[in-house]
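Inside the fold
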Amino acid sequence: MWRVAQRGEWRVHGSIRNLALAACAMGFMLAPATAADDDAKGPLAEFYSYLPAAPDIHLPEISIPFWTDDLKKAKRAYKNGDYARALKLFRNASDDGNIVADWYLGHMYSQGVGVPRNDAMAYSYYSRVADHFDPEETDPNRLKITVDAMVRLADYQRTGAVNAGIQPDPKAAAQSYLKIATTYGHPAAQYALGVMSIRGEGVKKNPSQGLKWLMASARKRYAPAEAYLGDLYWSGQIVNADRTRAVMWYILAQQSARPEDNPEIFSRAQQLEASVGEDERIEAEARAKVWDDQYPAEKVRPASGD
């Protein structure tokens, strides 16, 4: 599926499951862009900050060129909820080889935004973006979007998508996540490794290592990781039960997430906050403030503004 042009030691041939792991030599134990201001809004805000790119993830002008007239019009139509027009314009830009348009189309088909959900189409568009991955890419923004697409392909690989002919292969997905997490620090990959390590899904069960991955993701204010930590502290699974800390994590998750993308986080947060006393809630807010001061959500993941 992938036609990734590679130079250097990380080579990808055939499909995502062939990602080569530098870490394999140690055994697979999971050891421990310049556009307008709104260009980072909408689904493009999902390009989470990861190394070596800087935390400011406004998308750039790229040499293909990145922000063509069709793409700008498509972005505006998408933001205004005119998905039929956005779809047409994104397809035009995609036909011209624009990987941002491909990413948007993958997002629309994976989420069923303006089109019926179609995992096969989403996988195809994300693959087109990932095909441009080059480990020696000098433009950090191009590197971001291609690595992000690779994470989304690994997501499909982990769970499978029967209607797209994708069989679940959590072991291969974990290998992909590990390479992406250790090389680029992508928080979605770190989160996936955390959950899989805790569950023993595709990897040897290692709850303590799983917690380390989750914390690494939470430091980048990845909302699912924060929410998962909240659930762990609420249930007392792996960690000692701590209602205050559980609410703290959900307060942080609400700051990092968007209601339209993660309604379950906001619903769960309300349930937990309603279940604790006033003193616990005040303490949770104070703890959340300390964490947010150290790892501010607005500096790691721009608000969508949609």
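Worth saying up front: this structure is predicted, and the values here are computed from it rather than measured. (Residues numbered from 1 in each chain as written. Predicted model: local features only at pLDDT ≥ 70, side-chain atom pairs only at ≥ 80, totals over all residues. Heavy atoms only, no water.)

Side note on the pattern of salt bridges
Counted according to the given criterion, the structure contains 16 salt bridges. Across the pair Arg287 and Asp242 runs a salt bridge, and its minimum N-O distance is 3.8 Å. Of this pair, Arg287 sits in helix H12 (residues 278–294) while Asp242 sits in the loop between helix H9 (223–235) and helix H10 (243–256), placing them 45 residues apart in sequence. Salt bridges sharing common partners tie together Asp242, Arg245, Glu283 and Arg287. (Salt bridge = Lys/Arg side-chain N within 4 Å of Asp/Glu carboxyl O. Helix = DSSP H or I, 4+ residues; strand = E, 2+ residues; numbered from the N terminus.)

Side note on a positive patch on the surface
Residues Lys72, Lys73, Arg76, Arg85 and Lys88 make up a contiguous surface patch of positive charge. Of all elements in the fold, only helix H1 (69–79) and helix H2 (83–95) reach the threshold of two or more residues within the positive patch. Its location among the elements puts Arg85 in helix H2. On the basis of relative accessibility, which here comes to 42%, the residue Arg85 falls in the partly exposed class. (Patch = residues over 30% accessible without salt bridge, like charges linked within 9 Å, V, L, I, M, F, W, Y side chains within 5 Å. Areas by Shrake-Rupley, 256 points an atom, 1.4 Å probe, with all protein chains shown as cover. Lys, Arg positive; Asp, Glu negative; His and termini not counted. Charge placed at Lys NZ, Arg CZ, Asp CG, Glu CD. Buried < 20%, exposed > 50% of the residue type's maximum accessible area, 1.4 Å probe, protein only.)

Structural notes on the packing of aromatic side chains
Taken as a whole and assessed by the stated rule, the structure comprises 13 aromatic pairs. Taking 6.3 Å as the distance between ring centres and 90 degrees as the angle between the ring planes, the aromatic pair formed by Phe133 and Tyr184 counts as edge-to-face. In this pair, Phe133 is assigned in the loop between helix H4 (119–130) and helix H5 (140–159) and Tyr184 in helix H6 (residues 170–184), connecting sequence segments 51 residues apart. Taken individually, Phe133 and Tyr184 each receive the classification buried, so the pair is uniform in this respect. (Phe/Tyr/Trp six-rings, centres within 6.5 Å; stacked < 30°, edge-to-face > 60°.)

Re the nonpolar core
Ranked by size, the top nonpolar core spans 83 residues in total, and within it Phe90, Tyr177, Leu214, Leu232, Trp249 and Ile265 carry the most contacts. Here this core takes 9 residues from H5, the largest share from any one element. The contact partners of Phe90, leaving out residues within four places of it in the chain, are Leu71, Ala74, Lys75, Tyr78, Ala101, Tyr104, Leu105 and Met108. (Core = buried A, V, L, I, M, F, W, Y, C linked by side-chain atoms within 4.5 Å. Contact = heavy atoms within 4.5 Å.)

Brief notes about the confidence of the model for the chain
Residues at a pLDDT of 70 or more form 75% of the chain, whose mean pLDDT is 80. Across residues 1–65 the pLDDT falls below 50, and counting only partners more than four positions away or on other chains, this stretch makes 189 contacts in the model. For residues 300–306, every residue scores under 50 in pLDDT, and the model assigns this stretch 27 contacts once sequence neighbours within four places are set aside. (pLDDT = per-residue confidence, 0-100.)

Quick notes on the packing of H5 against H6
Two elements in contact, H5 and H6, have axes whose closest approach is 8 Å; the angle formed by their N-to-C orientations is 155 degrees. With respect to H6, the axis of H5 lies roughly antiparallel. In this structure, the crossing between H5 and H6 has a hand that is left-handed. In this structure, H5 contributes Leu143, Val147, Met150, Val151, Ala154, Asp155, Gln157 and Arg158 to the contact, and H6 contributes Pro170, Ala172, Ala173, Ser176, Tyr177, Ile180 and Tyr184. Residues that form the contact of H5 with H6 fall into these classes: 11 nonpolar, 2 polar and 2 charged. (Axes fitted to C-alpha atoms, helices over the stretch in contact; angles between N-to-C directions. Parallel < 35°, antiparallel > 145°, perpendicular 65-115°, else oblique. Left-handed = near helix turned anticlockwise from the far one by under 90°. Nonpolar A, V, L, I, M, F, W, Y, C, P; charged D, E, K, R; others polar.)

Section: the packing of helix H7 (residues 187–199) against H9
At a minimum axis separation of 9 Å, H7 and H9 run at an interaxial angle of 30 degrees. Put simply, H7 runs roughly parallel to H9. The crossing of H7 and H9 is left-handed. Within the contact between the two elements, H7 uses Tyr191, Val195, Ile198 and Arg199 and H9 uses Pro224, Ala225, Tyr228 and Leu232. A breakdown of the residues in the contact of H7 with H9 according to their chemical character gives 7 nonpolar, no polar and 1 charged.

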